[in-house]
Structure formats: C-alpha cells, structure tokens
Amino acid sequence: MASLPESITKSSSSVPEPFIPSDSNMAEFTFRAIIMGVLLGMVFGASSLYLVLKVGLTVSASIPVAVIAITLFRLISKTGGRDSTILENNIVQTAGSAGESIAFGLGVTMPAILILGFDLEIARVMLVGVLGGLLGILMMIPLRRSLIVAQHDKLKYPEGTACAEVLKAAEASKVSSTTTAPSDGRAGVIFMGFGVGLLYKALNVAFKGWKDVPEKVFGAPLKGGSVGAEISPELLGVGYIIGPRIASIMCAGGVMAYLLLIPLIKFFGDALAGPLAPAAKLIHDMSPNEIRSAYVLYIGAGAVAAGGIISLFRALPTIWHSLRSSFVSFSGVKTEASNKRTDQDIPMKWVLIGCLGIVIIIMLSPPLHMNLLGALLILVFGFLFATVSSQLTGEIGSSSNPISGMTVATLLFTCLIFLLVGWTGGPYYVTALSVGAIVCIASSNAGTTSQDLKTGFLIGATPRLQQYAILCGALASAVLLGPILLKLNDASTVYVPIAQVAPGLQTNAANLMEMAALQGPQAAQDAKTYRVWHKTDIVGGPAGKYLVDDSGAVAYLVDPGINGTHNKRPDGSEVRKYDAPKAVLMSYIIKGILDQELPWALVMFGVVIALILEMAGVSSLPFAVGVYLPLSSSAPIFVGGMVRWLVDRRRNKHPEYAKLSAQERAAAGDRGAGVLLSSGYIAGGALAGIIIAFTAGVLTDFDKSITDWSVLHNPFFEGANADLLSMLPYAFLIALLIWVGREKLVSKRH
C-alpha cells in the first residue's frame, strides 16, 4: 500500500493536514468538472455492466478517470483554456466512480427477474438503480467523520489512497521544470489500451478475424472434460488488475468444474437408462455445457452462497464496531473542525429527508411490487450493509468487499420472513428481489463513496461538494445503465421454435392477457402478435416464457440473452449470451426458499466445497465464482494474473522497491502502467462488445455474410488449426501488456 503522509502515521488522535489547506479558496465544484465526471462515469459504468454480466466482476474506475481528467484538462490549457485544479480533478473522479458501483449492483441482481420468468421492465430497472444509488450515498454521509476522519490511521482505503497519490503527483508536476507531466504519458497508456481493446474486439467479433473461444473437448479417459478460453482484451485486463492470487483461485474453480465435476458426472451417469433430476435428458446424450447447466451450476451456486456468507461472518466484529461508530456519528456533536471547509457535509436534516423520501417512493412505485415490510427491510439492511461495506472497503479495498455476500444474506433473511408470513406467490419474487437489489446497490455505492471521501480527505477536498458530485454521477449512470441492460438482453434473445424444445405443447389461451411480438432480427421473419405464457413447471417442456397463438398452440420459447441456453437463431446466426453468475444465484435463493423448489443435494455439495476450502485456508468466494463461470471466462483472467505476477516479480527486484513492504509494493503495482493499460483494455473491449450487441439487429445480413466467408476462407476462424492460429493475436495483447507493465512505454516518453 502507498505510504501515508507522516502526519497520519505519527498519531491516531490528531487529524493530519491535507494536501490543500482547509482555508484555501480554489475552484472545485465546477460545471465542466461535473460534466466530464458524469460522462466518464457513463463510459466506465457501461463497460463495468458488460463485465459483470459476463463474469460477475468489476474493477475500480477512480484512477483511470482521474488520469484521463488530468490529461484532458491539461490539453485544454494548451489550447488557451484554464487548467484544472487538483480539487476539480477530484470532483471528476468522484462523479465518474459512481458508474462502476451502480453497474455492479444492477448486473448482480436485476437479471434474476428474467431467470425467474418476469420481464425486465425499464421502469423497474431504472428505479432500482436510482433509489439504491442515492440511498447508499446518503447513508454513508453520517459515517464520514467516524470512518474517514476518526479512523484515518486504521482504515487505509487502498484505492482511495492510491487515487490521492495520483492526483498529488499530477499537481506537483505543475511546478516542476519538466514541460510534459508524467500524467500525460500515463493517460496515453489508457487511451492506447482503449484503442487496442476496441480494435481487437471489433476485428475478432464483428469481422470474424479469428476464433474468439479456442477450445478442446477430451475423450476417454477424461470423457466430458474440456478446456477453453475467451481470448478477449477485457478479461485479460481484469486478471491483471485483480492480481495473480485471486485470478489463480478463480481459475482453479473452473478447472474443478470442467476437468473434475463434469467428467465425474459423465463417468457415473453415462450408463443410466433414464434422466437424472433436475435434468430432463439422458447424461449419455448431454454435452459438457449441458451437464454444466443441469448440475454444476447448482453446485457453483451453493459454493458462492456459502462463500459469501462465510465472508460476512468473518466480518462480524467489524460490523459490530461499525454500527457502534455510526450511532456515535448520529449524535450530532460538533467540534471546531466542523466549521472548516474540509469538514462540511450535506446537512443531516437533508440526509434524513432524502432517506425518508426514497423509502416513500419505494413503497409507492408499482414496478417494485413493494409493501411496508419490504420498505422497512430495505431501510434496516441498507443501513447495516452500507456501514459494513464502507468499513470493509477501508480495510481490504473495493475488490475484496463481499457485496454479493451481503446481498445473499439480505435475500435469505427477506425470503425467510416472507415465507413465515405466507408470501410465496410470484409477485413476491419481485418484491424480495427489489429489496435485495436496492440494498446491493446501496452497499456497493456506499463503499465507493467512502473511497472517494478518503481521497478527498487526503488532498483537502470539500466533502459536501464531493457528495453532490457522486449524487450527480450515480443519478446519471443509473438512468443510462438501465436501458443498456435491457438492450443487451434483447439483442441476444433467441425465439426458439417450439418444435425444437417441446413439440406440440399447448395451453389455454383464454387465460393469457399479456401480448407481445418478436423483437430484434427475428421480427423481420414473423411480425405476428402472440399471447405471453409464463410457464413455471417442467411438465411437457422447460419452464420459461413462451409465445402462444390464439388457438393455444405454443409457437416459441423466448430464450433471454442473459442466462439463456440457445446461442443460435433459426437461421444459424450465432448469438452471444451473458452468464450473469451472481444474478442466477439470487434467483435460486428466491425460488428455492419461496417455492421450496431447489435441488438441495447439489447445492449442499457446493456448500461443502466452500467449507473444505476455508478449512484449507483458501478464500472460497473467488473459487466458487470460478466453479460457476465457464472455464473459458476464468482462463483468460488467470492469464492476466500471471502476467501481473511476472511484471511485479521483475519490478520488485529493482533497488528502489527493495526497501518497500509487501503492501507498499502492491500499491505501487496498482498505480503502475500495466494497470492503466488493463483499464484501457477493459473499457475498449467492453464498449466494443456493447456496440456489437446493439447493432446485431441492424447488421444481421452483414454478420451472416462475414461468418459464411470466414468459415470457408479464413483459417484463423475455422479449420483444423484455427484454435492454435487464433492465439497469435492474443499473444500480441499479452506481449504489449508485459512491455507496458514494465514501464517501458512511459519511461521512453520521459
């Protein structure tokens, strides 16, 4: 971890002097800073949403946003405009960081509505994003003095401290004799990573330049086993940022799923004469991915739930301490420091009015299906986990903060309470999920807010203005990310002809009032309007959403883009699905408790796996996520982690790093050029993926013609050597990351 100022390390009882004095009158909350922060927050929020739908992870956006802001303002100053102040740059990163936390909360929870058989309504998604984001920020405000100020020497807030160091270094460069600031070169690294990631993803996916998922399926004696890797820039970047340990543990979970659990199920079930529940198909006839969908996903869900709850129990002492501290902060006692610019918060009366207003809106909003009990649960769990999230972020950082575990706990308690009072019908699915979603987003945003306030504390920002900034960023991101989530799902939805899944399936059309038509590319072939049937059992066909004609004959199974299983349309065109691993877990919890329909034996196998790992001293949550995810998603994350290990190992041999502690070395790596390039990879690759998904309905003929040509003429895309040849462009990505990670590019520019 980066060293803190000497004034902090000397005494825990005195508040250190910030980088900018409290009596300084400097431009801070300006229109241009807010606009830039909001726009950057939308960009990184969109890429984070794409990422969380694919692998259930996001990475902190504060440092990349800060570096980009510093560079853009400096370019403006060179064209005759005014350069930014350090406090303006801080406002930009504060507003820009909100998008990532909103994206995580939405991606973890809202797709569960689809999995539970309901429609992903735009009003519901936007309400949850806006209300959860604002509630988390407001609940963090009264905790600032307790967590950020009073415990400044104990709660380090790693990402917040690192971001403050970046801002201070950029400010110090203004008075140096060097005409080109270090931040210019580092911002160039981010922009280069963005460009490379965007171009790579476009050539790979849109123009079918090479195979995007090289894979190998094994025969006997490892029948059913397979390996694969999605060779994308965004997953490589994620692995580099989260580091070798977490990346390795996550990939190990995928190895267990694909090279142990699936082959074991194939070995013992291959000779069975009938289907083994919960599957409706013979194991002998199932592919590795079908076995994963039918059995291993439940094992992974049990492991993820257990890992999240274990993480929560491990944090119980912190929870108790945080609650005690928060009640002290509510006492309203003011000190002389409260009148300083650097100690001014949004007034408590407005915080309380805001929280009360949000709860009233939650109760009165029809899309949320909320009642008084649900609103009270949001208030209780929201405050509890906003406090816990803020403190845990200070201790272990945003990346290790078990937000998903807090959401699991919220859903478990909520569903058990609903079960006790007899609320087990379909509408209560949405009520329970709305409670969990708002609490999840509030907890996530509270942690992000605390990181930003730590940065502001170290550089001398005005807390009240930072709080306004992140409120603006959260509101804008929540409004944007809802439509993006719906569009990503719609673009990958497949309308499967009923003959492929349940020939001859019928129902009573007179009972179906909801109407719908096909959306996306398939709408051109069928413009009819159908009745909608939400089938909840597996009699005659799988549960899910169906389109039915007026006679009662089922025409299509609607396979959603998020967590769907059909990746080809009737015309043969490929569709990219999103696994949304943690959203699936949320749906299992709700349906398993309220309907008491869950293959508990498989879930308990996953719980036992998590317990074994904890007994062995290995963190079970990343391993469990790896069990749930496709190995093709965790393998490139592992590669990125190994690149980080190689770069850090070489860098730590340099004399200037020899005297640093392990924490200081890790913090130096987190500020390194490799992390900046990885952030660019993530943003560029993810945004390219979003653009490709958005244009899928418009460019269907182009996509099909490109695919047909590549199958016949491109050996990198199809053929005996396609798996091997496709690794060559990926090797370029890896080599560039190693080169930049060793600071070669930045050092050449200076």
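What counts, and where the lines are drawn
- Residues numbered from 1 in each chain as written.
- Predicted model: local features only at pLDDT ≥ 70, side-chain atom pairs only at ≥ 80, totals over all residues.
- Heavy atoms only, no water.
- Pairing = 2+ DSSP bridges.
- Helix = DSSP H or I, 4+ residues; strand = E, 2+ residues; numbered from the N terminus.
- Axes fitted to C-alpha atoms, helices over the stretch in contact; angles between N-to-C directions.
- Buried < 20%, exposed > 50% of the residue type's maximum accessible area, 1.4 Å probe, protein only.
- Core = buried A, V, L, I, M, F, W, Y, C linked by side-chain atoms within 4.5 Å.
- Phe/Tyr/Trp six-rings, centres within 6.5 Å; stacked < 30°, edge-to-face > 60°.
- Salt bridge = Lys/Arg side-chain N within 4 Å of Asp/Glu carboxyl O.
- Parallel < 35°, antiparallel > 145°, perpendicular 65-115°, else oblique.
- Left-handed = near helix turned anticlockwise from the far one by under 90°.
- Contact = heavy atoms within 4.5 Å.
- Nonpolar A, V, L, I, M, F, W, Y, C, P; charged D, E, K, R; others polar.

Caption draft 1: Looking closely at the sheet that holds strand 5 (residues 529–535). The strand order 3-7-6-5-4 describes an open sheet built from 5 strands, whose pairing is antiparallel. Edge positions in the sheet fall to strand 3 (494–497) and strand 4 (515–517), since each of these pairs with one other strand and no more. In this sheet, adjacent strand axes meet at a mean angle of 40° when their direction is disregarded. Note that strand 3 and strand 7 (residues 554–559) share 4 bridges and pair antiparallel.

Caption draft 2: Focus on the environment of Ser287. Among the structural elements, Ser287 can be located in the loop between helix 11 (244–269) and helix 12 (288–314). Its relative accessible area of 31% is what places Ser287 among the partly exposed residues. Distance from Ser287 to Ile262, taken between C-alpha atoms, is 9.6 Å for residues 25 residues apart in sequence.

Caption draft 3: Here's a closer look at the nonpolar core. Judged by nonpolar contacts, the single largest core of 192 residues is most densely connected at Met110 and Tyr295. The greatest single-element share of this core, amounting to 15 residues, is contributed by helix 17 (residues 426–459). Listed in part, the 12 residues of the second largest apolar core include Ala502, Leu512, Tyr546 and Val575.

Caption draft 4: Quick look at the packing of aromatic side chains. Per the stated rule, a full pass over the model turns up 9 aromatic pairs. Ring geometry for Phe267 against Phe268: centres 5.1 Å apart, planes inclined by 85°, an arrangement best described as edge-to-face. As far as the burial class goes, Phe267 and Phe268 line up, both exposed. Ring plane angle 80° and centroid distance 6.4 Å describe the contact between Tyr495 and Tyr556, whose orientation is recorded as edge-to-face. Of the two residues, Tyr495 is situated in strand 3 and Tyr556 in strand 7; the sequence distance between them amounts to 61 residues. The burial state of Tyr495 is the same as that of Tyr556; both residues are buried.

Caption draft 5: Spatial organisation of the pattern of salt bridges. Per the stated rule, a full pass over the model turns up 17 salt bridges. Lys577 is the salt-bridge partner of Asp559, the closest N and O atoms lying 2.9 Å from each other. On the criterion of sequence distance, the pair formed by Asp559 in strand 7 and Lys577 in the loop between strand 7 and helix 19 (581–594) is long-range, its members being 18 residues apart. Just as Asp559 is buried, Lys577 falls in that class too. Residues participating in the shared-partner salt-bridge network are Arg32, Arg82 and Glu88.

Caption draft 6: The arrangement of unusual backbone geometry in detail. The step from Ala220 to Pro221 runs through a cis peptide bond, and the omega angle for that step is 5°. Take Pro221: it is sitting in the loop between strand 1 (215–217) and strand 2 (226–228). The omega torsion of the bond from Ala277 to Pro278 falls at 10°, within 30 degrees of zero and hence cis. Turning to its location among the elements, Pro278 is positioned in the loop between helix 11 and helix 12. Of note, the phi angle at Lys208 is positive, near 55°, even though the residue is not glycine.

Caption draft 7: Representation of the packing of helix 22 (residues 631–651) against helix 28 (residues 727–741) within the structure. At a minimum axis distance of 9 Å, the contact between helix 22 and helix 28 shows a crossing angle of 30°. In terms of their interaxial angle, helix 22 and helix 28 are classed as roughly parallel. Helix 28 is crossed by helix 22, and the crossing has right-handed handedness. Within the contact between the two elements, helix 22 uses Pro636, Val639, Val643, Leu646 and Val647 and helix 28 uses Tyr730, Ile734, Leu737, Ile738 and Gly741. Residue composition of the contact of helix 22 with helix 28, grouped by class: 9 nonpolar, 1 polar and no charged.

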